[in-house]
Amino acid sequence: MKIVVKKNRLWFLIWFGFFLIISTLTIFILPDRYFNDTKIIVVDRGKEIGWVGSYPFAIMFYHLTGLKHLPFFVIALIQFPITTYILYKIGIPKNFHIINVKNVIMYIAFLLLAIYMSMPTKEFITFLMFCPIPFIFLSKKSTRFKIIISLLLFIVFSFFRTYYILVPIFAVGMYLASFIKFQKKALSTIFSGLMIVVFLSFSHGIIKGEFLSKLTRENYIDDNVNRLNINSAIQSPISQDSWYGEAFGIVYGFMAVNVPVLEMIKHLLSPQIVAFVIWELLFFYILFVRFSRCLKNRKENQIEFWTLLLLMGYFMVQGIFEPDLGTSIRHKIGFLPLIYFALYYEDFRRDIPKNV
């Protein structure tokens, strides 16, 4: 009996095999600074193990599963196949074997996934937490049910990272803002979301005495940039001590993690940073074009629209908290199931029941 393997499926498996090899070799290739988080998770010198908070929960997860006791190449052989299989079950785009911009973006994302899944990492946990969302969107449940459950997941998993609870706030805020009649609707909707971010930060400043982005990103960078050898720090050119400095810093942070043109100019002599910036620019541009198209007909594109709203909401959260470009990209890989679903939505929409 002749077995016929479709080209897109074969290409997916070839990339998987190639990157699995890279994943197992990562421990021997990457510089020591790439394993800063991993050392905290494995060694737990501060006795942080627990159930609430990203580090305590990650330490507990790797302790209970026993993964922390395994060599890193074995961890790669476990984590990378699990995450890739999840993407495989979401679906393989019919033209995945064709070299185009969108596919190249995803091939690079596979490479990044292979790198970050080669060690104990919080991103493996994030991947597992949010991978149900594409399957929820592909289910036969009503659209309203799918949206509500997806929003609730961010609230439920805020025990892991508190800022996840902000994603539904920004997503719903942008959804409501999308009904306002603006000329440049996509830009205006995202700008409205940023204004919600600024408002929340100002509210935090009034209640707690310090603005959100100043408290998290700027203070963190000031305290750790030299100690942790952060070479792609996202630092606003204006101090965030004042209300206008904080507002500028939030917008600057969002641009830095999603449209990092200025960051690329700063690091022209660092080819790896320039390469990742180009990847980020192309990736965000495709999502922005999709977002703009969905806004023209929200009713017909509800699932895709809410997928993009959740991602845009998360990108805004990154604009507040991310200290550097490397961390920003690593955290995006934790949301790869949702990104994968959004990038290839045209391929997956045929599997979404019509009567929802």
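Data block above holds the structure.
Residues numbered from 1 in each chain as written. Predicted model: local features only at pLDDT ≥ 70, side-chain atom pairs only at ≥ 80, totals over all residues. Heavy atoms only, no water.

Engineer: Sorry if this is basic, but what is going on with the overall build of the protein here?
Structural biologist: Tallying secondary structure elements over the protein gives 18 helices and zero strands in all. Over its C-alpha atoms the protein spans a radius of gyration of 20 Å, differing by no more than 12% from the 21 Å that the globule rule assigns to 356 residues. Expressed along its principal axes, the backbone C-alpha trace of the protein runs to roughly 70 × 50 × 40 Å. Taken across its 356 residues, the protein has 54% of its residues classed as buried. Working note: accessible area of the protein is about 16800 Å², and carbon and sulfur atoms make up 67% of it. (Helix = DSSP H or I, 4+ residues; strand = E, 2+ residues; numbered from the N terminus. Rg over C-alpha atoms; globule rule 2.2 N^0.38 Å. Buried < 20%, exposed > 50% of the residue type's maximum accessible area, 1.4 Å probe, protein only. Areas by Shrake-Rupley, 256 points an atom, 1.4 Å probe, with all protein chains shown as cover.)

Engineer: Where do I start with a positive patch on the surface in this structure?
Structural biologist: Residues Lys6, Arg9, Lys94 and Arg350 make up a contiguous surface patch of positive charge. Mapped onto the fold, Arg9 is located in helix 1 (residues 7–29). (Patch = residues over 30% accessible without salt bridge, like charges linked within 9 Å, V, L, I, M, F, W, Y side chains within 5 Å. Salt bridge = Lys/Arg side-chain N within 4 Å of Asp/Glu carboxyl O. Lys, Arg positive; Asp, Glu negative; His and termini not counted. Charge placed at Lys NZ, Arg CZ, Asp CG, Glu CD.)

Engineer: I keep staring at the side chain of Thr83 and nothing clicks. Help me out?
Structural biologist: Along the chain, Thr83 turns up in helix 4 (residues 72–90). The buried category is assigned to Thr83, whose relative accessible area is 0%. The residues touching Thr83, leaving out its near neighbours within four places in the chain, are Leu113, Met117, Phe124 and Phe127. (Contact = heavy atoms within 4.5 Å.)

Engineer: Sorry, what's going on with unusual backbone geometry here?
Structural biologist: Negative phi characterises most residues that are not glycine, and trans characterises most peptide bonds. Residues other than glycine seldom take positive phi values, yet Asp44 does so here, at roughly 50 degrees. Tracing the backbone shows Asp44 in the loop between helix 2 (36–43) and helix 3 (54–65). In this model, Lys47 sits at a positive phi of 50 degrees, which is unusual for a non-glycine residue. Looking at Lys47, the relative accessible area reads 68%, which means it is exposed.

Engineer: Whenever I open this one, the environment of Ile333 confuses me. Can you help?
Structural biologist: With respect to the helices and strands, the residue Ile333 is situated in helix 16 (residues 325–334). For the pair formed by Ile333 and Ala109, sequence separation is 224 residues and the distance between their alpha carbons is 7.3 Å. Ile333 has contacts with Ala109, Leu112, Leu113, Tyr116 and Phe127, leaving out every residue within four places of it along the chain.

Engineer: Quick question: what am I supposed to make of helix 10 (residues 185–208) here?
Structural biologist: Given 3.6 residues per turn, any residue in an α-helix points the same way as the ones three and four places further on. Taking 1.5 Å of rise per residue, 24 residues should cover 34 Å, and helix 10 covers 34 Å from first to last C-alpha, within 8% of that figure. Along helix 10, the residues classified as buried are Ala186, Ser188, Thr189, Ile190, Ser192, Gly193, Leu194, Val197, Val198, Ser201 and Gly205. Directly beyond the C-terminal end of helix 10, a positive phi value near 95 degrees is found at Gly209. (Expected span 1.5 Å × (residues − 1).)

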